[in-house]
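So the chains spell out like this:
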Amino acid sequence: MPRKDLVTYPKKTGYRKHPGMVAWLLHRITGVIIGSYLIMHILGVSGVVAPFQSVVSLSFVKALLLASFSYHAFNGVRILLMEFGAAAERETFKKYFMAVVFLTLVITIIGIIPIFTA
């Protein structure tokens, strides 16, 4: 017979939103955006599906791609620092995540200016 303290029904499970979960989710979403853009770009340039070329050339799509790529790249560096460096401690984890967000915003703002003015 199982112990009563180990079996609780209904079992309550919930997720606490912390920077690690947010960073992981954003990394996955930006990876899907970059992969989708790559497929649309290849199909549009090759002429297989002509409407993709017009979607790929929109300024909004270029800005979204820039933001996605910059976050994905900076978060990848943060992950490398966590795996091989000293960024895995709880005190420095939030600092590195905020640095990734800040660098993403700076690069995106700097990169969006030529996209929308040209």
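What you are looking at is a predicted structure, and each value in this text was computed from that prediction instead of being measured. (Residues numbered from 1 in each chain as written. Predicted model: local features only at pLDDT ≥ 70, side-chain atom pairs only at ≥ 80, totals over all residues. Heavy atoms only, no water.)

### Focus on the overall build of the protein chain
Link 1 in the chain: When its secondary structure is counted, the protein chain shows four helices and zero strands.
Link 2 in the chain: Mapped in sequence order, the helices and strands of the protein chain form the string α-α-α-α.
Link 3 in the chain: Partitioning the contacts of the protein chain with sequence separation of at least 6, the portion at a separation of at least 24 is 69%.
Link 4 in the chain: When the accessible area of the protein chain is evaluated, it comes to approximately 9000 Å², of which 72% is carbon and sulfur surface. (Helix = DSSP H or I, 4+ residues; strand = E, 2+ residues; numbered from the N terminus. Contact = heavy atoms within 4.5 Å. Areas by Shrake-Rupley, 256 points an atom, 1.4 Å probe, with all protein chains shown as cover.)

### What to know about a nonpolar patch on the surface
Link 1 in the chain: On the surface, Val22, Trp24, Leu25, Leu26 and Ile29 cluster together into a nonpolar patch covering about 430 Å² of accessible area.
Link 2 in the chain: Here Leu26 lies in helix H1 (residues 19-46).
Link 3 in the chain: A relative accessible area of 34% places Leu26 in the partly exposed class. (Patch = residues over 30% accessible without salt bridge, like charges linked within 9 Å, V, L, I, M, F, W, Y side chains within 5 Å. Salt bridge = Lys/Arg side-chain N within 4 Å of Asp/Glu carboxyl O. Buried < 20%, exposed > 50% of the residue type's maximum accessible area, 1.4 Å probe, protein only.)

### Some details on the UniProt feature "binding site: heme" (unreviewed entry) in the protein chain
Link 1 in the chain: Per the UniProt record, the feature "binding site: heme" (unreviewed entry) sits at His72.
Link 2 in the chain: Among the secondary structure elements, His72 is positioned in helix H3 (residues 59-84).
Link 3 in the chain: Sequence-distant contacts of His72, defined by excluding residues within four places in its chain, comprise His27, Thr30, Gly31 and Ile34. (UniProt positions renumbered as here; feature names shortened; annotations may be inferred.)

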